[in-house]
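# Working through the structure, step by step
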Amino acid sequence: MGFLALLCAEVSAAPASGIAIVGPAEVVGDGATHVRFRIQSGRGKPTDVLGVRVTITAGRIESTKGVEPGLLEVELVPPRVIEASEFVLEARSQAGRKERKRVRLLPVVPKSGVRASGGPLDLRVPEHMVLGVDRQATVSFRAGSVSTVSLYASIGALSAPRASEHGRTTAVFRPPDGSFPRVAVIVAASDDGSIVDWGLIRLYGRPIVATTSEPQARVRVRVAGEEYGPVQSDARGRAELRVLAPPGVREAHAVARDELGNERTITLDLGVPAAHTTFAICPSHSEGLFVFAVDAAGDPRSDLRITPRSSIGVLSQPKRAARGYYWSTLSLPSSALLGQPIHLEAKVEGGQGPSAACDTVVAGEAPNSLKLHVVPNRWIAGSNQPLEVRASVGYAGARKPRQVPLLATADSGKISPFVATSAGLARATWRLPARLGGRARARLSVQTAGLSPARDTLVIALVPGPPSIVTLVPERQRLPADGVSETVLTATVRDAYGNPVNTRPVVDRALGDVSPWERRAPGVFRATYTAPLSAIASQDRVRVRAGTGPAEAEAEATLTLGLVPVSDRYRLFGSAGVSTNFAKVSGLLGTVGAGGRLPWLRERVVVAIESGYFHGKSQGPDVANAEQVSVETTWVPVGARAQVELARRAFVPYLGAGVGLGVVRVDVSSASAGASGRWSTHPTAVGFGGVLVPTGPGSTFIEAGYRTLYLEEPSATGNVGGLCGTAGFAYGF
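A quick note: this is a predicted structure, and the numbers were derived from the prediction, not measured.

Another aspect to go through is the overall build of the protein chain. A tally of regular secondary structure across the protein chain gives 1 helix and 60 strands. Taking 27 Å as the expected radius of gyration for a compact globule of 733 residues, we find that the protein chain reaches 64 Å, considerably beyond that expectation. Dimensions along the principal axes, computed over C-alpha positions, put the protein chain at roughly 210 × 65 × 45 Å. Sorting the 733 residues of the protein chain into buried and exposed places 44% on the buried side. For the protein chain, the proportion of contacts with a sequence separation of at least 24, taken over those separated by at least 6, is 57%. Accessible surface for the protein chain amounts to roughly 36800 Å². Of this, 53% is attributable to carbon and sulfur atoms.

Have a look at this one:
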């Protein structure tokens, strides 16, 4: 009666059939509220009302009574339903007239209360939620002085916690999809695992119970002490009803009552698996495993034997805490890396369902400094000895220090992963290629993994191997053997792997002259080769080597140069200079000549016919007459000479001697005697030495010597020769 004022009433005039049903269009399907409907007969006679039969397809009729002529009042109780549906109220007269009214049933879902854990965080969760109806619920806890508390759910999803009023933190829990009843374990725990609180949310399922009984029977269903319906089966005896199934309930009891009042009870399997719930958490800094075990109905399980496993380290045997959960501590080795993934698992012996597992990482303090060391600090190509790199990490000491992965990057070679050897120390192997690729240094950069990495870099010298290959390349392959022609030689020194080696080459053999080697690039040297002076066709096999002998590998190369001989078998020459004896006669001297090379002393002997011209003038006192006498001497030497060239290089020194005759004219004049002259012939000899400078087809030379020419004339007696110095040019052909 109390709900009647809240329902919508529907009033209509009597239809043409003569029967009208007046009442609400919607009622609450709670199985307890009494609802009244009025049935009005079109004729308004009491006899008409008494002949009306009333039926409903769901719920039950409590009473029917006539309240005035032509008006029948029906009081009924709607069925209990948990989803929106409808039932049909039908009124039929004895004359066959009938009227139907469809009434909507509003579902009634029990409201959930709040369950308080009574633990250290006063965790509060809803007592239950109905799957498919309750989309979300609020979970809260008292944070207090705990800095960081995380929430965990065995199923469903939790939003990020947010601070709310009264010093509490709230989060939104959203149940999983599906209709099977189950239990959700909600855990609030500090990051270090020192404070743990937990609670349960019973998630009700909404299965459909289908049964078959007698046609038009009244069917109601009992589940966990609650009754749903009744509903009327169809003409084939089939009836369906959606019910609420709490966790742990696997059966429903359907009671069917036919029109004669006979009842039959049928036990139905709801198809819900009888599974226990085992849930595990591992807070980020706890280094432990927390296991929560409840049965299918949501009651905590005790006296369990749990076998823990860890992918790293060892888990202790789980112990039962005061509030019914189990915890196990994790012991990690010193080689465990900060941030390294850990998989923890707990298996309940003899239990149902899968193991409880969680994933975490190695927690602790990250290093704030990094220092690299390598021994030795250089690498020799081809040594096949990898370098050992050591890394030392330092910590500030705020928390438990942990190793972290070291991320290494090398611009050459390959670096192996760092392996921890002890607290704060790690080692790796750096393998470098034999081919250096022109590099003189290799760089290795290492940093610790994490948001604020520590870094360090080391640089080592890359040293090529000992010389193994020398190549020698000239700019010109053939050049004149004139003692002055040049070409540039390029020597490249490399080790066995093709790396340039900066070992300066040394010339072992060469006919020509090779200047000192100059370094132009790594392993590349240049020198100037000057051809020797040669009048015969030949080759110069220039051989160079690189290396220091037995202590170091030695490489050599030989280059063959073609020498085009200079045609110098015959020679024409001329010179000009002075001759003086520092006593009597001084004057200009000029010579011309022609000669040829003899096959003596490796063709170093040259003989020639030479002629010259000399004119000198001197003055002196005549003691007998007490006056000055002027003497002019002119002579033409004609003779043969021979010279020996001491070396045939860019400068050719030589020594020689010659003999011949000198045709001399002496002109004497004085104040008293006047002028007189006379021709005469006298033997002459010369000794000389000089230097030839080859200049292509000929040579420029400078020569010095001593020439003798002795006179016994009335007007001039003595040696009119003396020291001679000349410079000239000799043309060879």
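For the rest of this paragraph, the subject is empty space enclosed by the protein. For the coordinates displayed, the defined rule picks out 6 cavities of 30 Å³ or more. Together, 26 residues line the largest cavity, and Phe573, Glu610, Arg641, Phe701 and Glu703 are the ones closest to its centre. Looking at the lining of the largest cavity, the elements that each hand over two or more residues are β52 (570–580), β53 (586–598), β54 (605–622), β55 (627–645), β57 (674–695), β58 (698–712) and β60 (722–732). Ranked by residue count, the leading element in the lining of the largest cavity is β58, at 6 residues. Each residue belonging to the lining of the largest cavity can be placed in one class, and the counts come to 14 nonpolar, 7 polar and 5 charged. Glu610, Val638, Gly639, Val659 and Arg707 are the residues nearest the centre of the second largest cavity, which is lined by 16 residues in total. For the lining of the second largest cavity, the secondary structure elements donating two or more residues are β54, β55, β56 (652–670) and β57.

Turning to the packing of aromatic side chains, a few remarks are in order. Considering all chains together, one arrives at 7 aromatic pairs under this definition. Seen from their ring centres, Tyr731 and Phe733 are 6.1 Å apart, and the 25° between their planes marks the pair as stacked. Aromatic ring contacts, followed pair by pair, group Trp198, Phe290, Phe292 and Tyr325 into a single cluster. Stacked on the ring of Phe688, the Lys or Arg Arg641 has its end atom at 3.7 Å from the ring centre.

This part takes up the pattern of salt bridges. If you walk through the whole model with that rule in mind, you get 31 salt bridges. A salt bridge links Glu349 to Arg305, with the nearest nitrogen and oxygen atoms 3.6 Å apart. Of the two residues, Glu349 is situated in the loop between β32 (341–348) and β33 (356–361) and Arg305 in the loop between β27 (288–294) and β28 (306–310); the sequence distance between them amounts to 44 residues. Because the salt bridges share partners, they merge into one network encompassing Asp122, Arg124, Arg142 and Arg168.

Here the largest pocket defines a volume of roughly 790 Å³. Elements with a contribution of two residues or more to the lining of the largest pocket: β5 (53–56), β6 (60–68), β8 (85–92), β21 (218–223) and β22 (226–232). When grouped by side-chain class, the residues that make up the lining of the largest pocket number 8 nonpolar, 8 polar and 12 charged.

The nonpolar side chains of a soluble globular protein tend to be buried, and buried together. Among the nonpolar cores identified, the biggest contains 41 residues, and Ile39, Phe87, Leu89, Val221, Val223 and Leu270 are the most heavily contacted of them. Sequence-distant contacts of Val221, defined by excluding residues within four places in its chain, comprise Val209, Glu226, Glu227, Tyr228, Leu241, Val243, Ala252, His253 and Ala254.

Conventions we followed
- Residues numbered from 1 in each chain as written.
- Predicted model: local features only at pLDDT ≥ 70, side-chain atom pairs only at ≥ 80, totals over all residues.
- Heavy atoms only, no water.
- Helix = DSSP H or I, 4+ residues; strand = E, 2+ residues; numbered from the N terminus.
- Rg over C-alpha atoms; globule rule 2.2 N^0.38 Å.
- Buried < 20%, exposed > 50% of the residue type's maximum accessible area, 1.4 Å probe, protein only.
- Contact = heavy atoms within 4.5 Å.
- Areas by Shrake-Rupley, 256 points an atom, 1.4 Å probe, with all protein chains shown as cover.
- 1 Å grid on protein atoms, 1.4 Å probe; cavity = no way out; pocket = protein on both sides within 12 Å on 5 of 7 lines; lining within 4 Å.
- Points joined across faces, edges and corners; volume = space filled by probe spheres on them.
- Nonpolar A, V, L, I, M, F, W, Y, C, P; charged D, E, K, R; others polar.
- Phe/Tyr/Trp six-rings, centres within 6.5 Å; stacked < 30°, edge-to-face > 60°.
- Lys NZ or Arg CZ within 6 Å of the ring centre and 35° of its normal.
- Salt bridge = Lys/Arg side-chain N within 4 Å of Asp/Glu carboxyl O.
- Core = buried A, V, L, I, M, F, W, Y, C linked by side-chain atoms within 4.5 Å.

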